[in-house]
Amino acid sequence: MNKQHKLIYLLFAFVLLISTLPFQASVVHAKSNSAIPNSNNPYVQAYMNSMEQYSSTQDMDPLVDPKVEEQIILNTLELYYELDIKVLDELSNYYPDATTSKEVVSINREDKVNIMSKIMKIYDSVEEVEVKELFLDYLDRYAMGPNDSESEVITFIEENTEKEDLVNTTASYNGTGAGNWAYNNWNYYRRDYPKFTGDFGTDCTNFVSQALHIGGGKSKSGDWTVSRKNLTYWTIDSAYQLNYSWKLTDPSPWISVKEFRSYWRPKSGVSSYSADYYRQNHEQIYSGDIYKGDVLVFHKGIANFVTVPTHLMIISAYDSSNKDFLLAGHTNNRQAYPLLSAISSYSQIEILKIN
């Protein structure tokens, strides 16, 4: 084999190796080896600047390791910016002015609200299904701000989101069973599911998914599923180990907060509250239609223009004295943690009332 043929052979072997690498790291949020933030991403820049201003205020008893949560936020902001660039390209077909282009990727909350209004005005005239989904995702990203929510946008999203698999998802859920399972298994890890207590990922969504399936009777379906391939890896330290021993989609609603929310939100009743609103009105909310087995999605407010879902918990008990819900969850494990305490580090919560 001459040198030229050998070089071509080695190049081909390298390309083949790269193409067969297992499971992308995007499926779950890594704990270590954090990527260096993209300095050209204004969303990441805004977040890093805000963290410098508020670095002195730190929760002494966090629900999630702050370093892990920061990486979740950075990964999500990278994704949001990439998607928003696509929105900019498509929206320029309807609004070719420079102002609109700037507002789409602005870090100003008012600009995001303006773009949402423009999207709603032209939405019905959009013919391509993929573009409609792109626009609807933009609305979903920014409808809930750190300090406010756009009720008109939320209503628009609900009206234009198909309620999926309604028959299959309404019949079997036992919320009380799911909440009781979470309460009784809050500090336990089953060996027939991956365990995210190593150096890769967080276990909060994995735990809630198990509560819905094992305790609540929800059947695995579609992308919301996981199964074991072999017994080699239980505690997961890398994407390779996860892919080697477990079968699941990438990204997976079984283990990812963002994907769980996207999967279950169209199948659930939804109540959204700012942390301040819940503190002020928790007694009234407690007497409403929220029950054991409902799922809490916690959103971090980022630089006053966007929220990022970073944590899941499930209602496992009630505090009738304080008119508050008690939550179970994994990562920093809890059995019956007061929601009034849990919201201290978050700006918004969504309650998914699983049907």
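Here the structure is a predicted model, which means the values were calculated and not measured.

*Asks:* What am I meant to see in the pattern of salt bridges here?
*Replies:* It is possible for side chains bearing opposite charge to pair when their charged atoms get close. Here the structure, examined in full by the defined rule, presents 13 salt bridges. The closest approach of N and O atoms between D148 and R109, which form a salt bridge, is 3.5 Å. With D148 in the loop between α6 (129-142) and α7 (151-159) and R109 in helix α5 (residues 109-122), this pair connects stretches of sequence that are 39 residues apart. Its relative accessible area of 11% is what places R109 among the buried residues. Linked through salt bridges whose partners overlap, the residues forming this network are D140, R261, R265 and E350.

*Asks:* When you look at the nonpolar core in this model, what are you seeing that I'm missing?
*Replies:* Considering soluble globular proteins, one finds that nonpolar side chains tend to be buried as a cluster. Counting residues in each nonpolar core, the largest one holds 37 residues, and the members touching the most others are L77, F135 and L139. Contributing elements (two or more residues each) for this core: α2 (42-53), α3 (66-91), α5, α6, α7 and β5 (306-319). Ignoring any residue separated from it by four or fewer positions in sequence, one finds L139 in contact with M116, I119, M120, V153, F156 and I157. Within the second largest apolar cluster, 34 residues are counted, among which are A178, C204, Y263 and L312.

*Asks:* What am I meant to see in α3 here?
*Replies:* Along an α-helix, residues three or four apart share an orientation, since each turn contains 3.6 residues. In this model α3 runs 36 Å from its N-terminal to its C-terminal C-alpha over 26 residues, within 8% of the 38 Å that 1.5 Å per residue would give. Its side-chain oxygen placed 2.9 Å from the backbone nitrogen of K67, D65 serves as the N-cap of α3.

*Asks:* Sorry if this is basic, but what is going on with the packing of α3 against α6 here?
*Replies:* The geometry of a pair of packed helices is captured by two quantities: the angle between their axes and the separation between those axes. Two elements in contact, α3 and α6, have axes whose closest approach is 10 Å; the angle formed by their N-to-C orientations is 130°. Taken together, the axes of α3 and α6 are oblique relative to one another. The chirality of how α3 crosses α6 is left-handed. For the pair formed by α3 and α6, the contact residues are Y80, L83, D84, K86, V87, E90 and L91 on the first element and V131, L134, F135, Y138, R141 and Y142 on the second. Residue classes in the contact of α3 with α6 are distributed as nine nonpolar, no polar and four charged.

*Asks:* Can you help me understand the side chain of Q210 in this one?
*Replies:* Tracing the backbone through its elements, the reader meets Q210 in helix α10 (residues 204-215). With sequence-adjacent residues up to four places away left out, Q210 is seen in contact with W181, R190, Y193, G215 and W254.

*Asks:* Would you mind going over the packing of aromatic side chains with me for this structure?
*Replies:* When we look at a pair of aromatic rings, we describe it by the centre distance and by the angle of the planes. A complete count under the given rule lists 18 aromatic pairs for this structure. Between Y94 and F135 the ring centres are 6.4 Å apart and the planes differ by 70°, which places this aromatic pair in the edge-to-face class. Separated by 41 residues along the polypeptide, Y94 in the loop between α3 and α4 (98-104) and F135 in helix α6 bring together distant segments of the chain. Looking at Y94, the relative accessible area reads 29%, which means it is partly exposed. Ring centres 5.8 Å apart and planes at 80° place the aromatic pair Y233 and Y244 in the edge-to-face group. One end of the pair, Y233, is in the loop between β1 (227-228) and α11 (239-245); the other, Y244, is in helix α11, and 11 residues separate them in sequence. With a relative accessible area of 24%, Y233 lands in the partly exposed category. For Y244, a relative accessible area of 38% gives the class partly exposed. A connected cluster of aromatic rings, assembled from ring pairs, spans Y193, W224, W254, F260, Y263 and W264. The cationic tip of R191 hangs over the ring face of W234; the distance from NZ or CZ to the ring centre is 3.9 Å. In this arrangement the basic side chain of K220 is found over the ring face of W254, its NZ or CZ atom lying 5.4 Å from the centre.

What counts as what
Residues numbered from 1 in each chain as written. Predicted model: local features only at pLDDT ≥ 70, side-chain atom pairs only at ≥ 80, totals over all residues. Heavy atoms only, no water. Salt bridge = Lys/Arg side-chain N within 4 Å of Asp/Glu carboxyl O. Helix = DSSP H or I, 4+ residues; strand = E, 2+ residues; numbered from the N terminus. Buried < 20%, exposed > 50% of the residue type's maximum accessible area, 1.4 Å probe, protein only. Core = buried A, V, L, I, M, F, W, Y, C linked by side-chain atoms within 4.5 Å. Contact = heavy atoms within 4.5 Å. Expected span 1.5 Å × (residues − 1). Polar contact = N/O pair within 3.5 Å; in protein donor to acceptor, adjacent residues only side chain to side chain. Axes fitted to C-alpha atoms, helices over the stretch in contact; angles between N-to-C directions. Parallel < 35°, antiparallel > 145°, perpendicular 65-115°, else oblique. Left-handed = near helix turned anticlockwise from the far one by under 90°. Nonpolar A, V, L, I, M, F, W, Y, C, P; charged D, E, K, R; others polar. Phe/Tyr/Trp six-rings, centres within 6.5 Å; stacked < 30°, edge-to-face > 60°. Lys NZ or Arg CZ within 6 Å of the ring centre and 35° of its normal.

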